[in-house]
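# Report on the structure
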Amino acid sequence: MEEFLNQSFSQLHGGLLALVIVISLGVLAKAADWLVDEAVTLSERSGISKAVIGATVVSLGTTTPEAAVSVFAAMQGSPGLALGNAVGSIICNAGLILGLACVLAPLKLDRLIVNRLSWIQLGTAVVLVVAGFPWASPRTLFSAGGSFSQVTGFVFLAALAVYLGQSIRWAKDEIGAPSADAPEAEARGAVLATVARLLGALALVVASARVLIPAVQEEATRFHIPEDIIAATLVAFGTSLPELVTAVAAARRGHGELAVGNVVGANVLNVLFVAGAAAAVTPAGLAAKGHFFSILYPAMLLILTVLQIGMVRSGRQLRRPFGFVLLAAYALCMVLSYVIPGGGENL
């Protein structure tokens with residue numbers, strides 16, 4: 001699909017290509033608003049908190065394309081790209097996306113996120129680092145790096161099933177009784193209809209993002225912007241675009257807990273789903289080269305630790321000043337990734 005879009009856009013007139021970009025941006029913004037509205041409606045009709053819906057249904061939808069990209073990259077012999085996609089997305093989600101959303105408006109915090117899911121987010125990131133550590137030859141950590149085995153990939157997928165199962169149990173614990181003035185069957189039908197519309201909005205967000213990025217890449221190429229700059233900015237940014245537009249739309253509409261839930265859930269899934277699936281389809285596993293341990297992993301753990309401390313200490317809201325802290329941490333990681341040799345690869 002991506003190759004087809006690249007070929008099609010390369011043959012378009014500049015004016016038509018600009019029109020595609022404008023239309024894609026408009027559809028993306030509208031689809032994000034629609035997605036947030038349906039997620040809020042689902043929360044109200046089902047009795048499940050917006051944070052849980054953001055951390056499960058919405059985050060599954062926004063990370064599935066990333067999983068597909070990573071699996072395809074691993075199968076095509078680019079395991080470093082597959083793992084880099086997962087780690088880079090976590091850094092972008094926690095630093096840039098949540099930071100921007102927080103600066104736009106204070107984000108409400110759901111206690112389930114703070115007390116359970118945020119710790120799972122940090123824990124899975126630590127396990128990802130430990131799983132790829134070269135225990136047999138630790139002295140080669142920053143040169144040869146380590147590897148993330150195929151068996152570990154299957155273990156992560158099993159952990160994903162457990163995580164999703166537990167999320168469903170948490171959701172069931174939150175569901176209240178049906179409204180007294182609505183029959184149970186009618187209430188269930190309304191919830192299913194809302195879920196269908198939410199999935200449709202998710203599909204539209206993902207599809208418009210997938211069209212937008214190659215169109216912008218082609219436009220940038222025509223303006224003679226270097227290919228490595230495009231790869232390090234547009235491509236890396238594009239994989240997290242669905243999370244970005246969803247978080248911004250949620251923050252702008254006053255549903256901060258949905259934005260936080262989406263980011264935290266997406267980060268957990270980037271480890272268990274994206275990295276796990278990519279490793280599972282690769283007999284040799286995923287290579288974690290030296291720059292993963294010198295910059296990418298430390299950057300990921302730094303931002304997640306800052307986020308965790310902020311969430312624990314923030315009480316009921318993540319306020320604007322903390323959003324600037326997250327953006328500063330993200331900017332620091334980006335600067336270091338290009339200062340340290342090899343650090344900018346796969347971001």
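Residues numbered from 1 in each chain as written. Predicted model: local features only at pLDDT ≥ 70, side-chain atom pairs only at ≥ 80, totals over all residues. Heavy atoms only, no water.

Before going further, it helps to spend a moment on the overall build of the chain. Along its length, the chain carries twelve helices and four strands. Out of the 347 residues belonging to the chain, those deemed buried represent 50%. (Helix = DSSP H or I, 4+ residues; strand = E, 2+ residues; numbered from the N terminus. Buried < 20%, exposed > 50% of the residue type's maximum accessible area, 1.4 Å probe, protein only.)

With that out of the way, let us pick up the packing of aromatic side chains. Evaluation of the coordinates by the stated rule reveals five aromatic pairs. On the numbers, 4.5 Å between centres and 45° between planes, the contact of Phe 133 with Trp 135 is tilted. With a relative accessible area of 24%, Phe 133 lands in the partly exposed category. Aromatic pair Phe 148 and Phe 156: ring centres 5.0 Å apart, planes at 80°, arrangement edge-to-face. Of the two residues, Phe 148 and Phe 156, both sit in the buried class. Among the aromatic residues, those joined into a ring-pair cluster are Phe 133, Trp 135, Phe 292, Phe 293 and Tyr 297. (Phe/Tyr/Trp six-rings, centres within 6.5 Å; stacked < 30°, edge-to-face > 60°.)

All right, on to the packing of helix H5 (residues 111–131) against helix H11 (residues 290–313) then. Axis separation between H5 and H11 bottoms out at 10 Å; the angle between their running directions is 165°. When the axis of H5 is compared with that of H11, the two are roughly antiparallel. Along this stretch, H5 crosses H11, giving a crossing that reads as left-handed. Contacts between H5 and H11 involve Ile 113, Val 114, Ser 118, Trp 119, Gln 121, Leu 122, Ala 125, Val 126, Leu 128 and Val 129 from the former and Phe 293, Tyr 297, Met 300, Leu 301, Leu 304, Thr 305, Leu 307, Gln 308, Met 311 and Val 312 from the latter. The residue inventory of the contact of H5 with H11, partitioned by class, reads 16 nonpolar, four polar and no charged. (Axes fitted to C-alpha atoms, helices over the stretch in contact; angles between N-to-C directions. Parallel < 35°, antiparallel > 145°, perpendicular 65-115°, else oblique. Left-handed = near helix turned anticlockwise from the far one by under 90°. Contact = heavy atoms within 4.5 Å. Nonpolar A, V, L, I, M, F, W, Y, C, P; charged D, E, K, R; others polar.)

As a further point, take the packing of helix H9 (residues 241–252) against helix H10 (residues 256–280). As a packed pair, H9 and H10 sit with axes 7 Å apart at the nearest point and diverge in direction by 160°. In terms of orientation, H9 and H10 fall into the roughly antiparallel class. Crossing of H9 over H10 shows left-handed handedness. Only Gly 256, Leu 258, Ala 259, Asn 262 and Ala 266 of H10 make contact with H9, whose side of the interface consists of Glu 243, Thr 246, Ala 247 and Ala 250. Tallied by class, the residues present in the contact of H9 with H10 amount to five nonpolar, three polar and one charged.

The next thing to look at is the nonpolar core. Grouped together as the largest cluster of nonpolar side chains are 100 residues, with contacts concentrated most on Leu 128, Tyr 297 and Met 300. The greatest single-element share of this core, amounting to 14 residues, is contributed by H10. (Core = buried A, V, L, I, M, F, W, Y, C linked by side-chain atoms within 4.5 Å.)

We now examine helix H2 (residues 14–46). A rise of 1.5 Å per residue sets the reference length of H2, with its 33 residues, at 48 Å; its end C-alpha atoms lie 47 Å apart and thus fit the reference within 8%. Once H2 ends, the next one or two residues include Gly 47, with phi positive near 85°. (Expected span 1.5 Å × (residues − 1).)

Moving on: the side chain of Thr 63. With respect to the element layout, Thr 63 can be found in helix H3 (residues 50–75). Engagement of the side chain of Thr 63 in a polar contact is seen with the backbone oxygen of Ser 59, the distance being 2.7 Å. (Polar contact = N/O pair within 3.5 Å; in protein donor to acceptor, adjacent residues only side chain to side chain.)

Mapping Ser 314 onto the fold places it in the loop between H11 and strand S4 (317–318). Distance from Ser 314 to Lys 108, taken between C-alpha atoms, is 9.9 Å for residues 206 residues apart in sequence. Within the structure, Ser 314 has its side chain in polar contact with the backbone oxygen of Gly 310 (distance 2.3 Å).

On to helix H4 (residues 79–104), then. Taking 1.5 Å per residue as the helical rise, H4 with its 26 residues ought to reach 38 Å, and the 36 Å between its terminal C-alpha atoms agrees with that figure. Its axis deflected by about 35° at Asn 93, H4 carries its strongest bend there. Most of H4 sits inside the fold, with 21 of its 26 residues counted as buried. (Bend = angle between axes of the 7 residues up to and from the residue.)

Turning our eyes to something else, we now look at a nonpolar patch on the surface. Side chains of Leu 16, Leu 19, Ile 23, Val 27, Trp 34 and Leu 204 sit close together on the surface and give an oily, nonpolar patch of about 490 Å² of accessible area. If one sorts the elements of the nonpolar patch by residue count, H2 sits on top with five residues. Topologically, Leu 16 is positioned in helix H2. Judged by relative accessible area, Leu 16 falls into the partly exposed class, the value being 45%. (Patch = residues over 30% accessible without salt bridge, like charges linked within 9 Å, V, L, I, M, F, W, Y side chains within 5 Å. Areas by Shrake-Rupley, 256 points an atom, 1.4 Å probe, with all protein chains shown as cover. Salt bridge = Lys/Arg side-chain N within 4 Å of Asp/Glu carboxyl O.)

Let us look at the environment of Glu 218. Structurally, Glu 218 can be placed in helix H7 (residues 184–222). The class for Glu 218 is buried, based on a relative accessible area of 17%. In this structure the C-alpha to C-alpha distance between Glu 218 and Leu 12, which are 206 residues apart in sequence, comes to 9.7 Å. Beyond its immediate stretch of four places on either side in the chain, Glu 218 contacts Phe 9, Ser 10 and Leu 17. A distance of 2.9 Å separates the side chain of Glu 218 from the side chain of Arg 222, its partner in a polar contact.

Before going further, it helps to examine the pattern of salt bridges. Summed over the entire model, instances satisfying the criterion amount to six salt bridges. With a shortest N-O distance of 2.6 Å, Arg 252 and Asp 33 are connected by a salt bridge. Of the two residues, Arg 252 is situated in helix H9 and Asp 33 in helix H2; the sequence distance between them amounts to 219 residues. Between Arg 253 and Asp 37 there is a salt bridge, with the nearest N and O atoms lying 2.7 Å from each other. Taken as a pair, Arg 253 in the loop between H9 and H10 and Asp 37 in helix H2 lie far apart in primary sequence, 216 residues in all. Since its relative accessible area comes to 34%, Arg 253 is described here as partly exposed. On the accessibility criterion, Asp 37 (32% relative accessible area) is partly exposed.

Function-wise, these values are silent; they only describe arrangement.
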